[in-house]
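Per-entry structural report
For reference, the chains in residue letters:
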Amino acid sequence: MQALYAQLLVGLINGSFYALLSLGLAVIFGMLNIINFAHGALYMMGAFVAYFLLNLGGINYWWALLLAPVIVGIFGMILERTMLQWLTGLDHLYGLLLTFGIALIVQGVFQNYFGSSGLPYAIPDQLKGGMNLGFMFLPVYRGWVVIFSLVVCIATWFLIEKTRLGAYLRAATENPTLVRAFGINVPRMITLTYGLGVGLAALAGVLSAPINQVRPLMGADLIIVVFAVVVIGGMGSIMGSIITGFALGVIEGLTKYFYPEASNTVVFVLMVLVLLVKPTGLTGRAA
Amino acid sequence: MTALTDDTLPVTPRAVRDEMIVFAVMALLLASVPFTGVYPFFVMQALCFALLACAFNLLVGYGGLLSFGHAMFLGTAGYCSAHALKVWGLPPELGILVGIAAAFGLSIITGYISIRRQGIYFSMITLALSQLLYFIYLQAPFTHGEDGIQGIPQGHMFGVFDLSKPTVLYYVVLVGFLAGFLLIFRIINSPFGEVLKAIRENEPRAISLGYRTDQYKFLAFILSGTLAGFAGSLKVFVAQNASLTDVHWSMSGEVVLMTLVGGLGTVFGPVVGAFVIIAMQQYLAGFGQWVTVIQGSIFVICVLTFRRGVIGEIAHYFRRSL
């Protein structure tokens, strides 16, 4: 039973990363109509920025949690202003190809300087140790990751679905020209949205740094699972990507306990099954 | 949403004549390779990838469907051919047939699942399906995991042509490539190809004209996947192994890059693109990870400034379809 709970916890943690990443993808897709293939590379950058802040600037984890998303978010906004912007009105597949190229460049540069092996990032002192819950032993940091990402996900959902800013954003997704006519600077909003989505990816990177080590390719393979999560969830709603993200993490964890051979493939198998029954994904709107 | 490729010219007898002339020049150039100082192994490898890129282009350039998992056909056919040759001891021609049949079956299954979604979703589903296969091949016993299937016997094609001789092998690969290329050329210039282009340009209109667009796209997917499998089977004889790199998703990315560099939706673009990218990998191998950075930069530059690709730009300049 201990092993089952341990795998459930691992599943929940992976689910937090899936949720944060697919949430960012959904936000970006909503405004820019681009599947951000660079998302994995930006997640990796988040972890590296945290590593640099600690080792070069002596800035601790708590500040990194705030600063890394801001720094990577600004980098993302520069990308949007200098490159992605020029693809407006083109087939959205060009966005996928462009961001794929950006991902290759970013990952290649980091691999050149840091090889492919992992760099350690220590768990902050306040979150060291563990708690005995009676039925299992819970490392504090892991519990923190799950709760913190859940809070961030819900806050993002609240921002987009319940605030005035979010209302503008959703309106601009529906009809940018009309929203512009009301005097709202839509291009700036698009840039900020991209920054927000990228910031969420970087935040996931910082959270994962103490657990998974900091590696140039940490995002490359993760992002494909996240794409599968997105296909299953259907990108229809913000809440959809959060719930699908966590749920698939847990299912993956359970598979690792009951049938470990399939743990790498279970998400993809689920994707196939969901698509056979419901081609639009679970919460999807028609593409 | 604008179409992936712009300013397509109609298929006129003159356009077909132009393309046949270029084809003859290309065939002559390639046939003369063994008599020049060019390293034949490099050209053979490039030819396999050129066929793969042409098959991929049939789907994206003419059907508007960007598959991001075409490596799965290359790798699956490669593994099956390699297994048939090495373990079952089949002759080369039957080994190739086994590979093609495997790719055919796989394209029916994956096409059935993926064709129901469009645009970005289609790309992501093909990507995820190919990653699913990657993990299966990583664990399946017959692929030997990280080692791959090595030391594949080349044998005698039809009992006559000794494939262990480089020149014979070269011409066999060349004939395979030209046959595949001509088949794709024929498909593109057929009524079926015209309907495919119509679907790419405006699917709702094609539907309203009474075409069952899903069936056309499905057939295009099967043709493209099977031909990509043919490329994978040929590649087994050139490389004498089948390994995980052929199924990994970065290979699918490379195929997209080749087609994009040469020109999406042009007849000869993928061939040129494949030669450019394979040459680059060959000569820049010493730069280590910078090759990835260079490839990424080419992606970015192509998408931002050079969307028609090499052949696309030339064709646009001369107002010809190539």
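The numbering scheme is per chain: residues are counted from 1 as the chain's sequence reads. All chains are assigned letters beginning with A, and all ligands numbers beginning with 1, in the order in which they are written. At least 70 in pLDDT is required for a residue's local features to be given in this predicted model, at least 80 for side-chain atom pairs to be given and counted, and no such filter applies to totals for whole chains, interfaces and linings, which use all residues. Hydrogen atoms and water are omitted, and side-chain values are computed over all heavy atoms in the structure.

Some remarks on the overall build of chain B
A tally of regular secondary structure across chain B gives 13 helices and 2 strands. Computed over the C-alpha atoms, the radius of gyration of chain B is 19 Å, within 12% of the 20 Å expected from 2.2 N^0.38 for a compact globule of 322 residues. Each principal axis of the C-alpha distribution contributes one length, and for chain B these read about 50 × 45 × 40 Å. Across the 322 residues that make up chain B, the buried fraction comes to 58%. Sequence separation of 24 or more characterises 79% of the internal contacts of chain B that already satisfy a separation of 6 or more. Computed with the Shrake-Rupley method and a 1.4 Å probe, the accessible areas treat only the protein chains shown as cover for residues. Surface exposure of chain B reaches about 12700 Å², of which carbon and sulfur atoms provide 68%. Under the scheme used here, helices are H or I runs from DSSP no shorter than 4 residues and strands are E runs no shorter than 2 residues, and both carry numbers assigned from the N terminus. Throughout, radius of gyration means the C-alpha value; the globule benchmark is 2.2 Å times the number of residues raised to the power 0.38. Note on classification: 1.4 Å probe, protein chains only; a residue is buried when its accessible area is under 20% of the maximum for its type, exposed when over 50%, partly exposed between these limits. Working rule for contacts: check all heavy atoms of both residues, and any pair within 4.5 Å makes them a contact.

A word on the interface of chain B and chain A
In this assembly, 44 residues from chain B lie in contact with 50 residues from chain A. By definition, the buried area sums, over both parts, the 1.4 Å-probe accessible area that each loses when the two are put together. Counting the surface lost from both chain B and chain A, the interface buries some 4400 Å², and carbon and sulfur atoms represent 76% of this. Ranking the residues of chain B by area buried against chain A places Ile120, Tyr121 and Met124 of chain B at the top, with a combined share of 15%. Counted as salt bridges are all cases of a side-chain nitrogen of Lys or Arg within 4 Å of a carboxyl oxygen of Asp or Glu. The interface formed by chain B and chain A holds 0 salt bridges in total. With 14 residues, the single largest contributor to the side of chain B that touches chain A is helix α5 (residues 119-139) of chain B. Its residues assigned to classes, the side of chain B that touches chain A comprises 27 nonpolar, 14 polar and 3 charged. All amino acids are sorted into three groups, where Ala, Val, Leu, Ile, Met, Phe, Trp, Tyr, Cys and Pro are nonpolar, Asp, Glu, Lys and Arg are charged, and the leftover types, Gly among them, are polar.

Here we look at the packing of helix α2 (residues 40-63) of chain B against helix α6 (residues 166-188) of chain B
Residues and elements named next belong to chain B. Helix axes are fitted to C-alpha atoms over the stretch in contact, other axes to C-alpha atoms as well, and angles between N-to-C directions run from 0 to 180 degrees. Relative orientation of the contacting elements α2 and α6 amounts to 15 degrees, with a least axis distance of 10 Å. Viewed along their axes, α2 and α6 adopt a mutual orientation that is roughly parallel. Crossing geometry of α2 relative to α6 is assigned as left-handed. In this structure, α2 contributes Pro40, Val43, Met44, Leu47, Cys48, Ala50, Leu51, Cys54, Ala55, Leu58 and Tyr62 to the contact, and α6 contributes Pro166, Leu169, Tyr170, Val173, Leu174, Gly176, Phe177, Gly180, Phe181, Ile184, Ile187 and Ile188. Split into classes, the residues belonging to the contact of α2 with α6 amount to 21 nonpolar, 2 polar and no charged. Each angle gets one of four labels, with under 35 degrees taken as roughly parallel, over 145 as roughly antiparallel, 65 to 115 as roughly perpendicular, and the rest as oblique. Should the near helix be turned counterclockwise from the far one by less than a right angle, the crossing is left-handed, whereas a clockwise turn marks it as right-handed.

Here's the deal with the confidence of the model for chain A
The predictor rates its confidence in each residue with pLDDT, a number between 0 and 100. The share of residues in chain A with pLDDT of 70 or more is 99%, and the mean pLDDT across the chain is 89. By mean pLDDT, strand β1 (residues 130-132) of chain A is the weakest element of chain A at 79, and helix α3 (residues 61-82) of chain A is the strongest at 94.

Details of the layout of surface pockets
Taken as a whole, the second largest pocket holds about 780 Å³ of empty space. Points on a 1 Å grid over protein atoms alone make up a cavity when a 1.4 Å probe fits among them but cannot get out, and a pocket when they form an open set with protein on both sides within 12 Å along at least five of seven lines; lining residues each have an atom within 4 Å of a point. Forming the boundary of the second largest pocket are 28 residues, of which His248, Ser250, Glu254, Thr292 and Gln295 of chain B lie nearest the centre. The set of elements that each furnish at least two residues to the lining of the second largest pocket consists of α2 (39-57) and α4 (92-114) of chain A together with α10 (249-262) and α12 (290-305) of chain B. Split into classes, the residues belonging to the lining of the second largest pocket amount to 14 nonpolar, 11 polar and 3 charged. Grid points are joined across faces, edges and corners, and a volume is the space filled by probe spheres set on the points.

Quick notes on the pattern of salt bridges
Residues and elements named next belong to chain B. Under the definition given, this model contains 7 salt bridges over all chains. Put simply, glutamate 203 and lysine 217 hold a salt bridge, and the shortest N to O gap is 3.2 Å. Residue glutamate 203 is located in helix α8 (residues 203-208), and its partner lysine 217 is located in helix α9 (residues 213-239); the two are separated by 14 residues in the primary sequence. The same class applies to glutamate 203 and to lysine 217, which are both buried. The residue lysine 235 makes a salt bridge to aspartate 246 at a minimum N-O spacing of 3.1 Å. Residue lysine 235 is found in helix α9, and its partner aspartate 246 is found in the loop between α9 and α10; the two are separated by 11 residues along the sequence. Here the two residues lysine 235 and aspartate 246 agree in accessibility, since each one is buried.

Some words on the packing of α2 of chain A against α4 of chain A
Residues and elements named next belong to chain A. Across the interface, α2 lies against α4 with an axial gap of 10 Å and an inter-helix angle of 35 degrees. Here α2 runs over α4; the crossing is left-handed. On α4, the residues that touch Ala41, Met44, Met45, Phe48 and Phe52 of α2 are Ala103, Val106, Gln107, Phe110 and Phe114. Taken together, the residues that form the contact of α2 with α4 break down as 9 nonpolar, 1 polar and no charged.

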